[in-house]
Amino acid sequence: MNQLAGGFHDPAIQSAHAFRALLEAMARPGRIHRVGGALPPAPLSVAAGVTVLTLADATTPLHLAGAADCAAVRDWIAFHTGAPLAGPDQAQFALGTWQALEPVDRFPVGDPAYPDRSATLIVEMARLDQDGPRLTGPGIHKTARLSLPETDALRANRALFPLGFDLILTCGDRLAALPRTTRVEES
Amino acid sequence: MYVAVKGGERAIDAAHAWLAEERRGDPSVPELTVAQIREQMTLAVNRVMAEGSLHDPDLAALAIKQARGDLIEAVFLIRAYRTTLPRFGSSQPVDTARMAVDRRVSATFKDLPGGQVLGPTFDYTHRLLDFALAAEGAVPPAAPTAPAADEAVPHVAGLLDRDGLIEAEAPDDTPAPDLTRSPLELPASRALRLQALARGDEGFLLSLAYSTQRGYGRTHAFVGELRIGMVEVQAELPELGFAVPIGEIELTECESVNQFKGSRTEPPQFTRGYGLVMGQGERKALSMSLVDRALRWRELGEDFTGAPAQDEEFVLSHCDNIQATGFLEHIKLPHYVDFQAELELVRRLRAETMQEAAE
Amino acid sequence: MTVQDYNFAYLDEQTKRMIRRALLKALAVPGYQVPFASREMPMPYGWGTGGVQVTAACLTPDDRLKVIDQGADDTTNAVSIRRFFQRTAGVETTQSTTGATVIQTRHRIPEAPLSEGQILVYQVPIPEPLRFLEPRETETRRMHELEEYGLMHVKLYEDIARHGEIATAYAYPVKVEDRYVMDPSPIPKFDNPKLADNPAIQLFGAGREARIYALPPYSRVVSLDFEDHPFTPSRAEHACALCGATDSYLDEVITDDRGSRMFSCSDTDFCASRQAGRPDGEGGA
């Protein structure tokens, strides 16, 4: 596929819609939102492509993990965002399947004075549904459920609060998010 | 029924129309052109460019016209315009040693390579109102000229440096931070401090510099030199892979040479303070160099005496006149919700106090 | 009408991305102040530049925007900010609290309950709750890092010792999710209970101080107090002279120079809705 193709054709409007979905997702862990407007090269999902176009640029080091680290994806990201590729310890964003991203404790969790200086992991999922582990915490009215890739690492991440990484889970044209504040329990 | 500040939309429209009328003044008096402001109010234009952080004399002149001569309002217009401009890249550091000087004075040496050049200065004018200026149309007689000296104009600090008398300043290739693109983080590097001061309010820096002279963080400053002139700006074009000249700008540079008896960490030597301002901004450049030097107490192993000019967080947080004027002036916005909350609190506390007094 | 020379919602895309990243981190660390590269806006610092930047980063063309200042839609600065977004984003505007998707506010939380799908954007002058106890950012950052809020408790306790109550009537500090002490912006403490467990997303923008912070929906937000001196939201003990409400926050209006005064709702949409006999918060178009 041509590296020029698959970007936003109306960036201001499409990224505004995409960001609103990301904002709602991060604000309400467990909710699933549909996004569109980008057609990234395989193996990236539409939702992962939209997330990268909406949030990444030349100021945000990005780590590509596993199958996502291929020439087509690298070229597409370089052309559309200019995001510099980086190792896990320098990454502001990281993109790949959970298996490819593991061990996830490689990623920045922020500084005690600046807990915002932490990575956001964009996790490509084979399945994304409102079932599985029970979620509680800020943004959740009583409880929610989400098909998470695992729970132990996420519980360990929660224990670091206010430090920790945050997740954006992508599958096809759908996404959900899991900030570090969410408490995760096996159902 | 009375309800406060109703009809806000009509009030705003009427206020703007009135403002435009006031800006124009008496229509029987010819309107000022932007070119007239640019050519005849040059120092105002320079100040707006310097504090607005944008070198464009025409836009600065337009801003002054629009702002009815309120220079801080004009700086604000330029800043708000500047922030919308795309960034194509950064220029190379300018070489002020190669400045074509219009003015260059040193207070430390009677004569020196490159000479003393008085230039177009108010310094020795007698401050007598020139009533002849009130009559229009007179063109002043041409000033005498001399052929430009071919001589290089080396920096005074460099001359001292050769003898090891002044602190060494190692070249530094660290990319310069950008205060307009990242939030201020403290402690700040000297480069970031200088950037903040270069955008800072002239009056604020003047008062701080004056306070150091009167003993609040005294730094024993001599004007090593002050120079004003044109320098070439170069930028590296990615397509070419090397730097090419993209234009010339006028700069004012001041290097102070400060007496220094040595500290816990440094030997006795002269130290430096630095000021650089876009356009002709002599007062600002001098002030900046004194404040820069006062802020350097930590790196020179001096004591913090509590002087305002030594206090980095205080100086950098308060030197920006656009931030300051906005926040200051916002107190004229309605605050009746918070005031009502206070009113109710004060009434209750008073009632309790009165009751206790009565008992 | 939109201003064609500027991007949608005025800010360039790179600036919006930077603000959007800060907003997501702010939601992930509730109550923590995220530094952001605040831009110079075409309105003065202190007049809502933080709120305007946050709103600009969140707006889509489908939004209905409400802007209030002191609870009212028609105060001059609210009018000015609403016009700015009409011109630069072309979004629909409304005075109705329930009809709005994004509400930018200065100093009030609307009386009508907010719901999911709504975003409340606060304009914040001084985001640091500890600032008037310790003016240095370098110090207050360390205090937040170490969760060292003793100074705040001492101040509140001194109030009680001197005045018999906590003498803070607005910008009353809160603790968010048992971690960060947060300034809720200068809302009257009457509004503090609405910060907690709110179904809407609450975003806070401080432009001059270059900080963004957030409360996700349904967050735990507790107004600081002591067991023997519990927090009490308070209001003037009157009914609204226009709609008769006894549970709304009131403006006091002086009607002559002989001490006559009346009280009316500060939330103009709430008041107009009640006067028109409509359900709360479904007032003006």
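Please read these numbers as outputs of a predicted model, since none were measured by experiment. The residue numbering used here restarts from 1 in each chain and proceeds along that chain's sequence as written. To read the labels, note that chains go from A and ligands from 1, taken in the order they are written. Local features in this predicted model are restricted to residues of pLDDT 70 or higher, and side-chain atom pairs are both shown and tallied only at a pLDDT of 80 or more, whereas totals for entire chains, interfaces and linings draw on every residue. Think of the side-chain values as coming from all heavy atoms in the structure, minus any hydrogens and water.

## Thoughts on the overall build of chain C
Strands are runs of DSSP state E lasting at least 2 residues, helices are runs of H or I lasting at least 4, and numbering of each runs from the N terminus. Secondary structure assignment for chain C yields six helices and twelve strands. Here the radius of gyration uses the C-alpha set of atoms, whereas the globule reference equals 2.2 Å times the residue count to the power 0.38. For 285 residues, the compact-globule formula gives about 19 Å, and the C-alpha radius of gyration of chain C, at 19 Å, lands near that figure. In terms of overall dimensions, chain C has C-alpha extents of about 60 × 50 × 35 Å along its principal axes. Across the 285 residues that make up chain C, the buried fraction comes to 67%. Whether two residues touch is decided by their heavy atoms; if any such pair falls within 4.5 Å, the residues are in contact. A sequence separation of at least 24 residues applies to 60% of the contacts in chain C between residues at least 6 apart. In this description, accessible areas are obtained by the Shrake-Rupley approach with a 1.4 Å probe, and a residue is regarded as covered only by the protein chains that are shown. With an accessible surface of roughly 9,600 Å², chain C has 49% of that area assigned to carbon and sulfur atoms. In chain C, the 31 positive side-chain charges and the 41 negative ones have mean positions that sit 5 Å from each other. Whether a residue is buried, partly exposed or exposed follows from its accessible area with a 1.4 Å probe, protein chains only, as a fraction of its type maximum: under 20%, in between, or over 50%, in that order. Charge convention: Lys and Arg are scored as positive, Asp and Glu as negative, and His as well as the terminal groups of each chain are ignored. To locate a charge, take NZ of a lysine, CZ of an arginine, CG of an aspartate or CD of a glutamate.

## Topic: the domain arrangement of chain C
Residues and elements named next belong to chain C. Throughout, the edges of the domains are those of an automatic or database domain assignment. When the domains of chain C are assigned, the result is domain 1 (13–223) and domain 2 (235–276). One C-alpha centre belongs to domain 1, the other to domain 2; they are set 25 Å apart. The interface is formed by 14 residues belonging to domain 1 together with nine residues belonging to domain 2. Carbon and sulfur atoms supply 51% of the area that domain 1 and domain 2 bury against each other, a total of about 860 Å² over both sides. Interface area lost by domain 1 to domain 2 is led by Arg108, Glu111 and Phe190, which between them contribute 49%. By definition here, a salt bridge exists when the distance from a side-chain nitrogen of Lys or Arg to a carboxyl oxygen of Asp or Glu is within 4 Å. Linking domain 1 with domain 2 are zero salt bridges. By buried area we mean the combined loss of accessible area, with a 1.4 Å probe, across both parts when two parts are placed together.

## What about empty space enclosed by the protein?
All names here are of chain C. The definitions used throughout rest on a 1 Å grid laid over the protein atoms alone, on which a cavity is an enclosed set of points accommodating a 1.4 Å probe that cannot get out and a pocket is an open set flanked by protein within 12 Å on both sides along at least five of seven lines; lining residues are those having an atom within 4 Å of a point. Grid points are joined across faces, edges and corners, and a volume is the space filled by probe spheres set on the points. According to the stated counting rule, one finds five cavities of 30 Å³ or more in the structure shown. Computed from the structure, the largest cavity encloses a volume of approximately 140 Å³. If you go around the largest cavity, you meet 17 residues; those closest to its centre are Gly46, Trp47, Gly48, Val124 and Pro125. Only α2 (49–58) and β8 (201–206) provide two or more residues apiece to the lining of the largest cavity. All residues other than Ala, Val, Leu, Ile, Met, Phe, Trp, Tyr, Cys, Pro, Asp, Glu, Lys and Arg, Gly among them, are scored as polar; the first ten of these are nonpolar and the last four charged. Residues of the lining of the largest cavity, tallied by class, amount to five nonpolar, nine polar and three charged. If you go around the second largest cavity, the residues you meet are Gly31, Tyr32, Gln33, Glu128, Glu137, Thr140, Arg141, His144, Tyr180 and Arg211. Here the lining of the second largest cavity takes four residues from helix α4 (residues 137–145), the largest share from any one element. When grouped by side-chain class, the residues that make up the lining of the second largest cavity number two nonpolar, four polar and four charged.

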